[in-house]
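What follows is the residue order along each chain.
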Amino acid sequence: EVQLQASGGGLVQAGGSLRLSCTASGFVDDENVVAWFRQAPGKEREGVSCISNFDGSVSYADSMKGRFTVSSDNAKTTVYLQMNSLKPEDTAVYYCALDLGGRRCGDFYDLAIDYWGKGTLVTVSS
């Protein structure tokens, strides 16, 4: 009933920037938490960033702090992940995920993920 789609990935040189978008179809109210995860081949999925559309709280994994910025539009229908100063180690498939009952961003792995979006591939060349 709810579909999530991440988009905006592509090939970029180290030091460059990309902006990813996450858009939901189906009924989603404006009180939820959206998180970004990524997974590189041979590695475990890791949390990237999180934003609460309930209270505006945000969080970032340590390696992304100062480089990535998560935001939502005014209608809370789309969430963005602005990625700057990209490094080759940022290469991964990026996924957005929705916690319908979420209120605040905290530990990514404590979120009750209701829906996972199809990922978008980010490739950073050296």
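What counts and what doesn't
- Residues numbered from 1 in each chain as written.
- Predicted model: local features only at pLDDT ≥ 70, side-chain atom pairs only at ≥ 80, totals over all residues.
- Heavy atoms only, no water.
- Disulfide = S-S within 2.5 Å.
- Helix = DSSP H or I, 4+ residues; strand = E, 2+ residues; numbered from the N terminus.
- Buried < 20%, exposed > 50% of the residue type's maximum accessible area, 1.4 Å probe, protein only.
- Core = buried A, V, L, I, M, F, W, Y, C linked by side-chain atoms within 4.5 Å.
- Contact = heavy atoms within 4.5 Å.

Student: For this particular structure, what's the right way to read the state of the cysteines?
Tutor: Chemically, a disulfide is nothing more than a covalent bond linking the sulfur atoms of two cysteines. Applying the stated criterion across every chain, the model contains two disulfides. Two residues share a disulfide in this structure: C22 and C96, whose sulfurs sit 2.1 Å from each other. Judged by the sign of its S-S torsion, about 75°, the cystine formed by C22 and C96 is right-handed. Of this pair, C22 sits in strand β3 (residues 18-25) while C96 sits in strand β9 (residues 92-99), and the two are 74 residues apart along the sequence. Across this residue pair, the class does not change: C22 and C96 are buried. Between the sulfur atoms of C50 and its disulfide mate C105 the distance is 2.1 Å.

Student: I'm lost on the nonpolar core in this one. Help?
Tutor: Considering soluble globular proteins, one finds that nonpolar side chains tend to be buried as a cluster. Counting residues in hydrophobic clusters, the biggest one holds 34 residues, and the most contacted among them are W36, F68, L81, M83 and Y94. Breaking this core down by element, the ones donating at least two residues are β1 (3-7), β3, β4 (33-39), β5 (46-52), β7 (68-72), β8 (78-83), β9 and β11 (120-125). Among all residues touching Y94, those that are not within four sequence positions of it are A6, L20, F37, R38, V48, F68, L81, M83, G119, T120 and V122.

By themselves, these observations are geometric and do not establish any function.
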